[in-house]
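Each chain, written out:
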Amino acid sequence: MENIFKFITISLLLIITSNSFADSLILSAKLKIEYQTPQSIAHGTDNLIVKYKDWSFMHVLVDPKELYQQIDLTGLEKDYIRAIFDVQARSKLPKWLAITAEEQADVFGVTPQSTHGFMLDKAEVLAVYDAKDKKGQIFILEELAVHQIYINGEIQHYHKVTHSIKER
Amino acid sequence: MDMHERQDLNDFLVTLYGSRASKWPMNEQIFNLTYRLVAESGLCSGMMDFVPRPMPPGASPMRYLAKELRGIFLRTIRQNKRQYISCIKAVALKMKNDFDLAAQGY
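Notes on the structure follow. (Residues numbered from 1 in each chain as written. Chains lettered and ligands numbered in written order. Predicted model: local features only at pLDDT ≥ 70, side-chain atom pairs only at ≥ 80, totals over all residues. Heavy atoms only, no water.)

## Some remarks on the pattern of salt bridges
- One pass over the structure, following the stated rule, counts 19 salt bridges over all chains.
- Across the pair Lys32(A) and Glu34(A) runs a salt bridge, and its minimum N-O distance is 3.2 Å.
- For Lys32(A), a relative accessible area of 18% gives the class buried.
- Assessed through its relative accessible area of 26%, Glu34(A) is described here as partly exposed.
- With a closest N to O distance of 2.8 Å, Glu28(B) and Arg63(B) form a salt bridge. With Glu28(B) in helix H2 (residues 28-41) and Arg63(B) in helix H4 (residues 61-64), this pair connects stretches of sequence that are 35 residues apart. (Salt bridge = Lys/Arg side-chain N within 4 Å of Asp/Glu carboxyl O. Buried < 20%, exposed > 50% of the residue type's maximum accessible area, 1.4 Å probe, protein only. Helix = DSSP H or I, 4+ residues; strand = E, 2+ residues; numbered from the N terminus.)

## Quick look at the pairing of strand E7 (residues 123-130) of chain A
Residues and elements named next belong to chain A.
- Along E7, eight of the eight residues are buried, which leaves the element largely enclosed by surrounding structure.
- In textbook terms, the turn of a hairpin is the stretch between consecutive antiparallel strands, and for strand E6 (residues 115-120) and E7 this stretch comprises two residues, one of which, Asp121, has a positive phi near 55°.
- Turn length for the E7-strand E8 (residues 135-141) hairpin, with the two strands adjacent in sequence and antiparallel, is four residues, and the turn residue Lys134 shows positive phi of about 55°. (Pairing = 2+ DSSP bridges.)

## Digging into the sheet that holds E6(A)
Residues and elements named next belong to chain A.
- Taken in spatial order, the seven strands make up an open sheet running E3-E4-E5-E9-E8-E7-E6, and their pairing is antiparallel. Where the open sheet ends on each side, the last strands, each with one partner, are strand E3 (40-43) and E6. When the angles between neighbouring strand axes are averaged without regard to direction, this sheet yields 15°.
- The strands touched by helix H5 (residues 155-163) within the sheet are strand E5 (56-61), E6, E7, E8 and strand E9 (146-152), with E8 carrying the most contacts at an inclination of about 15°. (Axes fitted to C-alpha atoms, helices over the stretch in contact; angles between N-to-C directions. Contact = heavy atoms within 4.5 Å.)

## Focus on H2(B)
Residue and element names in this part refer to chain B.
- Here H2 contains 14 residues, and its C-alpha end-to-end distance of 20 Å stays within 8% of the 20 Å for a straight helix at 1.5 Å per residue.
- Taken together, the buried positions of H2 are Ile30, Phe31, Asn32, Leu33, Thr34, Tyr35, Leu37, Val38 and Ser41.
- Where H2 begins, the side chain of Asn27 points an oxygen toward the backbone nitrogen of Gln29, at a separation of 3.2 Å.
- One or two positions beyond H2, positive phi appears at Gly42, with a value near 60°. (Expected span 1.5 Å × (residues − 1). Polar contact = N/O pair within 3.5 Å; in protein donor to acceptor, adjacent residues only side chain to side chain.)

## Observations regarding the nonpolar core
- Formed by 31 residues in total, the largest nonpolar core has its most connected members in Leu13(B), Tyr17(B), Phe31(B), Leu37(B) and Phe99(B).
- When residues of this core are traced back to their parent elements, those giving at least two are helix H1 (3-17), H2, helix H5 (67-79) and helix H6 (81-103) of chain B.
- For this core, the element with the highest residue contribution is H6(B), accounting for ten residues.
- If near-sequence neighbours (up to four positions away) are discounted, Tyr17(B) is found in contact with Glu66(A), Gln69(A), Trp24(B), Leu37(B), Ala92(B), Leu93(B), Met95(B), Lys96(B) and Phe99(B).
- Formed by 30 residues, the second largest nonpolar core is a distinct cluster that contains Val60(A), Val110(A), Leu141(A) and Tyr150(A). (Core = buried A, V, L, I, M, F, W, Y, C linked by side-chain atoms within 4.5 Å.)

Okay, structure coming up:
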């Protein structure tokens, strides 16, 4: 009987600790994402997909030539991404690009209520969650790189990922 | 999908997403995502002509569309890909990870 009790206790501890174990995904020399152990991790052409039972997130480094196939945003990528989230920033862009940013903002569901932003040292984090589609987008603007993180799932997972972006 | 339909779908997606799309499997899941992309963009009137409505909730467009209509849809988006890309690029960016997930078999 005592052995059975020990076995159950150890099993429960193992389950609890394995579920709360946090791994680190290194984004850059200064940033990382802490995430709970997923069901699986897949490496695509230029992305990393972290998959859980009922949600996932995907990290990709933004290539300014690839964001849209017909627009090369090289040198303008940070201004453009800020313009998706901020009307003031949009007004500084050429009109045709401001229209594109506005259209993207509409599609992402950007509103004052659905977005938030913060700084992590010198990195700027801009995020939006579309409750209708249950999709989140997080952009991290660093000096040398721009990261995009897609979240497919409920809002609590979006918040979880957003708050797990940390300085190393 | 037959070989021609797969080629039409591949041509369209490569124009939209670049060479990464050439590595995606041209299967039912990718077709359904493409159909949803077109339906959700709602901006290209020429494309919307080929989106029959209403479709039962949760139905697979691949199975719901008659083969002939599916062929016309795919030929149309391939032949007009340059023109259509500009009006679906915002939805395409939002849905990019759906295609990546599907390509990985999720």
